[in-house]
Amino acid sequence: MSYIKPAELVTRMVDAGAYKMQLSVRDTLIRAFMGAALLTIAAAFAVTVSTNTGQPLLGAVLFPVGFVILYLFGFDLLTGVFTLGPLAVLAKRPGATVGAMFRNWGLVFLGNFGGAFMVAILMAIYFTYGFSTEPSAVGLAISEIGHGRTVGYADHGAAGMLTLFIRGVLCNWMVSTGVVLSMVSDNVVAKILAMWLPVMLFFYMGFEHSIVNMFLFPSGLLLGADFTIMDYLIWNEIPTVFGNLVGGLLFVGLPLYITHGRPTARRVRAHKRGDTAVSTSDADRLDPVAQPAAATTREAERTPEPVSVG
């Protein structure tokens, strides 16, 4: 199986972030809509498995199927562009401006919400025979998730809000790790395995994912759950979005970019008069993993090409 070393991986991340900012409104919305739809169908599947088997771990093990499919198709999630876009801005890629980044984030948010809400409606119809009966056991489980993860946080006040935000941070630490690992190999099997592991972890731990929540909470409301739209927005979605942004950028994107995209050499004391400390270029030359990093600066003005990542 092919393995992409970290310095080259960072170049791919920057390329992907810049490329996404160049997409048309149509393409951005379609990719975001379909990405959220596939992910949230997998969320419904995972809740179904957990409810019917009584084994939450089994649901978590199977949930990443949606994440894998959407990224193999090159679709987008807000959690992914939160991590990739800022790196392209930092690298000063052509067209990668702060304005373009916010435009991309806004369009992906709208597309993700549309796809997730469509699945919420379809699943609500499925769980109630077209709203003609009470929700099935799975529908009731989804309703309880919506109640527990809105009103449940509100019952704890500021401590609940802090917990919600931290769960959003932890979520996108794992999800964005999956996004980045989708680029760590050109082998499809290796890509799938690399994506699967961190996404399984986030789902089982009950971290807060803004796109999954765009399905779970509207579904809960459609199925008669005991919380309001404002409960959903204030006590879940909005803090989760900010937590996802911090988690993906602070714990995935920036650490990789700083240490592999722009490494600095260790300063050493000269042993003889006239000797100089080891330079960054010397360190890159000596470190086989860091060698491709020098190409990042040289390629900064290159127009990025599409890469095989959502």
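For the structure itself, look to the data block above.
Throughout what follows, the structure given in this document is the object of discussion. (Residues numbered from 1 in each chain as written. Predicted model: local features only at pLDDT ≥ 70, side-chain atom pairs only at ≥ 80, totals over all residues. Heavy atoms only, no water.)

**Examining the packing of helix 5 (residues 78-90) against helix 9 (residues 157-181)**
To keep it simple, the criterion reads: Only the stretch in contact is used when fitting a helix axis, every axis being a line fitted to C-alpha atoms; angles between N-to-C directions are given from 0 to 180 degrees. Starting at the N terminus, helices and strands are each numbered in turn, a helix being any DSSP run of H or I of at least four residues and a strand any DSSP run of E of at least two. Each angle gets one of four labels, with under 35 degrees taken as roughly parallel, over 145 as roughly antiparallel, 65 to 115 as roughly perpendicular, and the rest as oblique. We call two residues in contact when some of their heavy atoms are within 4.5 Å. Basically, the charged four are Asp, Glu, Lys and Arg, the nonpolar ten are Ala, Val, Leu, Ile, Met, Phe, Trp, Tyr, Cys and Pro, and anything else, Gly included, counts as polar.
Between helix 5 and helix 9, whose axes approach to 9 Å, the crossing angle comes to 75°. The pairing of helix 5 with helix 9 is recorded here as roughly perpendicular in orientation. Taken together, the residues of helix 9 that come into contact with helix 5 (itself represented by T79, G80, F82, T83 and L84) are N172, V175, S176 and V179. Split into classes, the residues belonging to the contact of helix 5 with helix 9 amount to 4 nonpolar, 5 polar and no charged.

**Description of the packing of aromatic side chains**
The condition that has to hold: Ring geometry is summarised as follows: Phe, Tyr and Trp rings, the Trp one being its six-membered ring, pair when their centres sit within 6.5 Å, and such pairs are stacked at plane angles under 30 degrees, edge-to-face over 60 and tilted between the two. Burial status follows relative accessibility: with a 1.4 Å probe on protein chains alone, a residue under 20% of its type maximum counts as buried, one over 50% as exposed, and anything between as partly exposed.
Under the criterion given, the structure shown has 12 aromatic pairs. Measuring from ring centre to ring centre gives 5.8 Å for F113 and F117, while their planes differ by 10°; the resulting arrangement is stacked. Of this pair, F113 and F117 both sit in helix 6 (residues 98-128), 4 residues apart, which is roughly one turn of the helix. The class for F113 is partly exposed, based on a relative accessible area of 31%. Given a relative accessible area of 32%, F117 falls into the partly exposed group. Centre to centre, the rings of W173 and F251 are 4.4 Å apart; their planes meet at 15°, and the pair counts as stacked. In this pair, W173 sits in helix 9 while F251 sits in helix 12 (residues 229-261), placing the two residues 78 residues apart along the sequence.

**Remarks on the side chain of S176**
In plain terms, the rule: What qualifies as a polar contact is a pair of N or O atoms within 3.5 Å, subject to a donor-acceptor requirement within protein and to the restriction that residues adjacent in sequence count only when both atoms come from side chains.
Position of S176 relative to the elements: it lies in helix 9. For S176, a relative accessible area of 1% translates into the label buried. Looking at S176, its side chain comes within polar contact range of the side chain of T83, at 2.6 Å.

**Topic: helix 5**
Defined as follows: By definition here, a helix of n residues has an expected span of 1.5 Å times n minus one.
The end-to-end C-alpha distance of helix 5 is 19 Å, a good match for the 18 Å that 13 residues give at a rise of 1.5 Å each. Counting buried positions along helix 5 gives 12 out of 13 residues, so the element sits mostly inside the fold. Phi turns positive, to about 60°, at K92, one or two residues after helix 5.

**Details of unusual backbone geometry**
Here K92, not a glycine, exhibits a phi torsion of approximately 60°, which is positive. Here K92 lies in the loop between helix 5 and helix 6. Positive phi values are uncommon outside glycine, yet F131 reaches one of about 65°. The topology assignment puts F131 in the loop between helix 6 and helix 7 (137-148). A residue is classified by how much of its surface remains accessible, and F131, at 45% relative accessible area, is partly exposed.

**Focus: the pattern of salt bridges**
Side-chain pairing between opposite charges can occur once the charged atoms of the two side chains come close. Inclusion rule: Salt bridge, as applied in this entry: a Lys or Arg side-chain nitrogen positioned within 4 Å of an Asp or Glu carboxyl oxygen.
Inspection of every chain in the model, using the stated rule, returns 6 salt bridges. Of the charged contacts, one joins D186 and R12 as a salt bridge, the two residues approaching to 2.9 Å between their closest N and O atoms. Of the two residues, D186 is situated in the loop between helix 9 and helix 10 (188-205) and R12 in helix 1 (residues 6-21); the sequence distance between them amounts to 174 residues. A relative accessible area of 48% places D186 in the partly exposed class. Taking the relative accessible area as the measure of exposure, R12 reaches 17% and is therefore buried. The partner of D15 in a salt bridge is R93, with the nearest N and O atoms 2.3 Å apart. Residue D15 is located in helix 1, and its partner R93 is located in the loop between helix 5 and helix 6; the two are separated by 78 residues in the primary sequence. Where salt bridges share partners, they join E8, R12 and D186 into one cluster.

**What to know about a nonpolar patch on the surface**
Convention followed: Residues enter patches when they are more than 30% accessible in relative terms and free of salt bridges; like-charged ones are connected within 9 Å and nonpolar ones (Val, Leu, Ile, Met, Phe, Trp, Tyr) within 5 Å. Here the Shrake-Rupley method, with its probe set to 1.4 Å, supplies the accessible areas, and only the displayed protein chains count as covering residues.
A cluster of nonpolar side chains, namely F109, L110, F113, F117, M118, I121, L122, I125, F131 and L222, defines an oily patch on the protein surface of about 810 Å² accessible area. Here the nonpolar patch gets 8 residues from one element, more than from any other, and that element is helix 6. Inspection of the secondary structure puts I125 in helix 6. Judged by relative accessible area, I125 falls into the partly exposed class, the value being 37%.

**Description of the environment of A190**
Examined against the element boundaries, A190 turns out to sit in helix 10. On the accessibility criterion, A190 (12% relative accessible area) is buried. Once the C-alpha coordinates of A190 and S2 are considered, the two residues, 188 residues apart in sequence, prove to be 8.1 Å apart.

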